[in-house]
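Coordinates in review
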Amino acid sequence: AWQVIGRAAEWVEPHAKLISTCRIKVMSRGKDATIRLEDSRSGELFAETPVCEPLDKYVEPVLDSSRYFVLRLESDGGKNHA
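Quick summary incoming for the structure in this document. (Residues numbered from 1 in each chain as written. Predicted model: local features only at pLDDT ≥ 70, side-chain atom pairs only at ≥ 80, totals over all residues. Heavy atoms only, no water.)

Assigned secondary structure in the chain consists of zero helices and seven strands. Going residue by residue from the N terminus, the α and β elements of the chain occur as β-β-β-β-β-β-β. Evaluated residue by residue, the chain yields a buried proportion of 22% over its 82 residues. The contacts in the chain between residues at least 6 apart in sequence include a share of 34% that link residues at least 24 apart. On the chain, roughly 6,600 Å² of surface is accessible, and the fraction owed to carbon and sulfur atoms is 52%. (Helix = DSSP H or I, 4+ residues; strand = E, 2+ residues; numbered from the N terminus. Buried < 20%, exposed > 50% of the residue type's maximum accessible area, 1.4 Å probe, protein only. Contact = heavy atoms within 4.5 Å. Areas by Shrake-Rupley, 256 points an atom, 1.4 Å probe, with all protein chains shown as cover.)

So, in structure tokens, the structure goes:
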């Protein structure tokens, strides 16, 4: 697991800054999967990342909510992540 703010209640100013409101699409073909975040109004791609096993490397639940989660995004073969 990776270090994140573990409670959704803590994701408010000044700890967090809203950078986008997106819809999420999970697409898969065989064992390959991709998570896409798209602008909820225009449908424009905001971010995309491949997802492989183990899944907890990419998606982690928060401690105080069953509706919220933390998503890890990678680019350049894992060299850059957020």
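This part covers the pairing of strand E2 (residues 32–39). With eight bridges joining them, strand E1 (residues 22–29) and E2 adopt antiparallel strand pairing. Considered in E2, the bridge of Cys 22 is made with Asp 39. Taking the residues between adjacent antiparallel strands as the criterion, E1 and E2 are bridged by two residues, where Gly 30 takes a positive phi near 65°. Here E2 pairs with strand E3 (residues 45–51) via six bridges, running antiparallel. Across the sheet, Leu 37 pairs through a bridge with Ala 47, a residue of E3. Following E2, the chain reverses through five residues before pairing antiparallel with E3; Gly 43 in that reversal takes a positive phi of roughly 80°. (Pairing = 2+ DSSP bridges.)

What follows covers the environment of Lys 31. On the secondary structure map, Lys 31 appears in the loop between E1 and E2. Each C-alpha atom, one on Lys 31 and one on Val 51, is 9.4 Å from the other, the two residues being 20 residues apart in sequence.

Looking now at the sheet that holds E2. Here three strands make up an open sheet; going across it, the order is E1-E2-E3 and the pairing antiparallel. Edge positions in the sheet fall to E1 and E3, since each has one partner strand and no second. Looking at each pair of strands side by side, their axes are set apart by 15° on average, direction ignored. (Axes fitted to C-alpha atoms, helices over the stretch in contact; angles between N-to-C directions.)

Counting residues in hydrophobic clusters, the biggest one holds seven residues: Ile 35, Leu 37, Ala 47, Val 51, Tyr 58, Leu 71 and Leu 73. Put simply, the parts of the chain that give this core at least two residues each are E2 and E3. Not counting the four nearest positions on each side in its chain, Ala 47 is found in contact with Ile 35, Arg 36, Leu 37 and Leu 73. (Core = buried A, V, L, I, M, F, W, Y, C linked by side-chain atoms within 4.5 Å.)

The values reported here are purely geometric and, on their own, carry no functional implication.
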